[in-house]
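Read off the chains here:
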Amino acid sequence: MWLKSFVAAALLQLSLAGLAHGAGPFGSVNVGNWIGGAFSNDQTGAFSHCAATTPYANGVILVVSQNAAGTWSLAFASPTYHFNKGENAAIDVTFDGQEQARLFATAYQPNMLTAIMPLNVVRTFQKASLMVATAGRAVLNFDLTSTGPVIAALANCVTKVKAVGLDKAGDFAKGAVKPAATADKQGSPPASKPGKGAKSSSGFGTGFVVSTYGHIVTNNHVIDGCSELKGNLTGEAAMVLRVVSSDANNDLALLQAPSTATFKAFARIRDRSIRSGDSVVAIGFPFHGLLTSDFTVTTGIVSSLSGMRNDSRFLQISAPVQPGNSGGPLFDTTGQVVGVVTGKLDGLRVAAATGSIPENINFAIKTGALRDFLDNSVVPYQTAEPKGELKTTDIAANARAYTMLISCHGTEQADAKK
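Conventions we followed
Think of each chain on its own: its residues are numbered from 1, step by step along the sequence as written. For this predicted model, a pLDDT threshold of at least 70 governs which residues receive local features, and a threshold of 80 or more governs which side-chain atom pairs are given and counted, while totals over whole chains, interfaces and linings are taken from all residues. Computation of side-chain values covers all heavy atoms of the structure but excludes hydrogens and water. Each helix is a run of H or I in the DSSP string that is no shorter than four residues. Each strand is a run of E no shorter than two, and both are numbered from the N terminus. Buried residues are those whose accessible area, probed at 1.4 Å on protein chains only, stays under 20% of the maximum for their type, while exposed residues exceed 50% and partly exposed ones sit between those limits. Polar contact is the term for a pair of N or O atoms within 3.5 Å; when the atoms are in protein, one must be able to donate a hydrogen and the other to accept it, and sequence-neighboring residues count only if both atoms are side-chain atoms. Whether two residues are in contact is decided by their heavy atoms: any pair within 4.5 Å suffices. Residues are said to line a cavity or pocket when one of their atoms sits within 4 Å of a point; the points come from a 1 Å grid over protein atoms alone, cavities being sets where a 1.4 Å probe fits but cannot get out and pockets being open sets with protein on both sides within 12 Å along at least five of seven lines. Grid points are joined across faces, edges and corners, and a volume is the space filled by probe spheres set on the points. Classification convention: Asp, Glu, Lys, Arg as charged; Ala, Val, Leu, Ile, Met, Phe, Trp, Tyr, Cys, Pro as nonpolar; all other residues, Gly among them, as polar. Disulfides are defined as cysteine sulfur pairs within 2.5 Å. Think of the arc as the fan of directions from the helix axis to the C-beta atoms. Salt bridges are defined as contacts in which a side-chain nitrogen from Lys or Arg sits within 4 Å of a carboxyl oxygen from Asp or Glu. To define a nonpolar core, start from buried Ala, Val, Leu, Ile, Met, Phe, Trp, Tyr and Cys residues and group those joined through side-chain atoms within 4.5 Å. Only when DSSP finds a minimum of two bridges between them are two strands counted as paired. Aromatic pairing here means that ring centres of Phe, Tyr or Trp (its six-membered ring) are within 6.5 Å. Orientation follows from the plane angle: under 30 degrees is stacked, over 60 is edge-to-face, and everything else is tilted. Should the NZ of a Lys or the CZ of an Arg lie within 6 Å of a ring centre and within 35 degrees of the ring normal, that charge is described as sitting over the ring.

Chemist: Talk me through the environment of Glu236; I want residue IDs and the actual numbers.
Modeler: By secondary structure assignment, the location of Glu236 is in the loop between strand S13 (228-233) and strand S14 (239-247). A relative accessible area of 48% places Glu236 in the partly exposed class. Remark: the alpha-carbon pair of Glu236 and Met404, spanning 168 residues in sequence, is separated by 9.9 Å.

In structure tokens, the structure reads:
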């Protein structure tokens, strides 16, 4: 009986940023062992969120929620938890032994940790069969066999309640559909397909060699829409490259140099997590043809361990990047790759929305996503522990042997995305 009461309390207490307890449930979400429904704000009576919960044999109760604004959250509750209100914790989650993410949770209640779930994590959570959550020394396993339909039911719940109100809430599992596919695109540059009458054009990006066999990493948006790709090291002749694989969701692409090309040097990927505040070095070919034909070097720090809207696939960095830096390596101070530069915040759009021009807000794809991509493509890349700091000049000198200018010949639409 105590467990049933605690599950109900977990549903009612779920809150983001300290919202008042909810009243409900209105309607129902019954999927497998998950139960829930729609809830209102106790103080205002307005629709607050849709949530579902299920208990596990390990003593933890999971609560999944989407609020009226569309934000997803995942909460870990247990009667044995005793947190201080406002206490924070990092929770590393691994899905099916492959995809990983770090969630940043807050204790809004003494017996519950609640974390925002970026859309890419929601998508993985929805598809996965098993989740392993690690926080400090605690390692917990969660069977996710019913999470696909429960995510769909909660999305349906929010949509319907916002349309018809709480008083007409019903069975939200009926007629539920998967969340919009646009969730897959979070954090990725917009893609477009060449249309009729598209003019021939060219664009430039950056890539870097990750194996002696001539495997080259860059961004998917650098190569998307290109009919011909070429790459060259500074001062050397260009070679035709072919696309081996690409991942539009994580904005990564793998290219292959001709078998006649030889690479004695290649980038090594850092085998340890980087921290906020750590120094980084970005190398690439911005505004090629307008600025220098050599690569440029910029420095900064890791400003945040997540990207737009807490997207855990990305790092936010202060090292300046420009069009043409896309796909280039981001190094730590030991000269090892800690990310793949992917883009910068749209300053004009932010200025129009806020009246303030953002400075040095740029993004790089984390090595976790990069390594998963290379593993899936069966690339014999190498990792290394960070040992001994190098001068920026030495990092740049070493990178010269494997950092490439990527030239795309395609359409004006493709050029606009670099």
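What follows continues from the structure just given.
Chemist: So what's going on with the side chain of Asn219? Which residues, and what values?
Modeler: Looking at the element boundaries, Asn219 is found in the loop between strand S12 (215-218) and helix H4 (220-223). Judged by relative accessible area, which is 0%, Asn219 ranks as buried. Within the structure, the side chain of Asn219 is placed 3.1 Å from the backbone oxygen of Asp251, a separation counted as a polar contact. In terms of polar contacts, Asn219 uses its side chain to reach the backbone amide nitrogen of Gly327, at 2.8 Å. If we skip the residues at most four places from it in the chain, Asn219 touches Asp251, Leu252, Ala253, Ser326, Gly327, Val340, Val341, Thr342 and Ile365.

Chemist: Could you give an account of the layout of surface pockets, with specific residues and numbers?
Modeler: For the largest pocket, the calculated volume is near 1200 Å³. Residue assignment for the lining of the largest pocket shows that the elements contributing at least two residues are strand S6 (88-95), strand S7 (99-109), helix H2 (119-127) and helix H6 (367-376). By residue number, the principal contributor to the lining of the largest pocket is H6, which donates 8 residues. When the residues that make up the lining of the largest pocket are grouped by side-chain class, the tally is 12 nonpolar, 14 polar and 16 charged.

Chemist: Any chance you could break down the state of the cysteines for me, citing the residues and the numbers?
Modeler: Taken as a whole, this structure holds 2 disulfides when the rule is applied. Note that Cys50 is cross-linked by a disulfide to Cys157, the S-S spacing being 1.9 Å. Residues Cys50 and Cys157 are joined by a disulfide whose S-S torsion is about -75°; by sign, that bridge is left-handed. Taken as a pair, Cys50 in strand S3 (residues 47-55) and Cys157 in helix H3 (residues 147-164) lie far apart in primary sequence, 107 residues in all. Comparing Cys50 with Cys157 shows no difference in burial state: the two are buried.

Chemist: Could you give me a rundown of helix H7 (residues 392-399), with the residues and numbers involved?
Modeler: Those residues of H7 not exposed but buried are Ile395, Ala396 and Ala399. The arc enclosing the buried residues of H7, seen along the axis, measures out at 95°, which places them on a common side.

Chemist: Let's hear about the pattern of salt bridges: which residues, and what values?
Modeler: Following the criterion strictly, the structure yields 7 salt bridges and no others. Between Arg102 and Asp92 there is a salt bridge whose closest N-O contact spans 2.7 Å. In this pair, Arg102 sits in strand S7 while Asp92 sits in strand S6, placing the two residues 10 residues apart along the sequence. Classification of Asp92 as partly exposed rests on a relative accessible area of 28%. Across the pair Arg400 and Asp294 runs a salt bridge whose closest N-O atoms are separated by 3.0 Å. Of this pair, Arg400 sits in the loop between H7 and strand S24 (403-411) while Asp294 sits in the loop between strand S17 (279-284) and strand S18 (296-304), and the two are 106 residues apart along the sequence. On the basis of relative accessible area, Arg400 is assigned to the partly exposed category, the value being 34%.

Chemist: How would you summarise the nonpolar core if you had to cite specific residues and measurements?
Modeler: Of all hydrophobic cores here, the largest spans 46 residues; its most connected members are Phe208, Val217 and Leu374. Those residues in contact with Val217, other than ones at most four positions away along the chain, are Thr206, Gly207, Phe208, Val210, Leu252, Ala253, Leu254, Gly327, Val340, Leu370 and Leu374. Listed in part, the 44 residues of the second largest apolar core include Phe83, Phe95, Val122 and Val158.

Chemist: Can you tell me about the pairing of S3, naming the residues and giving the values?
Modeler: Where burial is concerned, most of S3 is hidden: 8 out of the 9 residues are buried. Note: strand S2 (residues 34-41) against S3, 6 bridges, orientation antiparallel. Opposite Gly37, over in S3, you have Ala51 as the bridge partner. Pairing geometry for S3 and strand S4 (residues 61-67), over 7 bridges, is antiparallel. What sits directly across from Pro55, in S4, is Ile61. Taking the residues between adjacent antiparallel strands as the criterion, S3 and S4 are bridged by 5 residues, where Gly59 takes a positive phi near 95°.

Chemist: How would you summarise the packing of aromatic side chains if you had to cite specific residues and measurements?
Modeler: The way to describe two aromatic rings as a pair is by their centre distance and the angle between their planes. One pass over the structure, following the stated rule, counts 6 aromatic pairs. Considering the side-chain rings of Tyr56 and Phe142, the 4.9 Å spacing of their centres and the 90° angle between planes classify their relative orientation as edge-to-face. Of the two residues, Tyr56 sits in the loop between S3 and S4 while Phe142 sits in strand S10 (residues 138-143), which places them 86 residues apart along the sequence. Residue Tyr56 shares its accessibility class with Phe142, and that shared class is buried. Clustering of aromatic rings is evident, with ring pairs tying together Tyr56, Phe76 and Phe142. Cation over ring: Arg268 sits above Phe266, and NZ or CZ is 4.6 Å from the ring centre.

Limitation: the analysis is restricted to geometry and does not speak to function.
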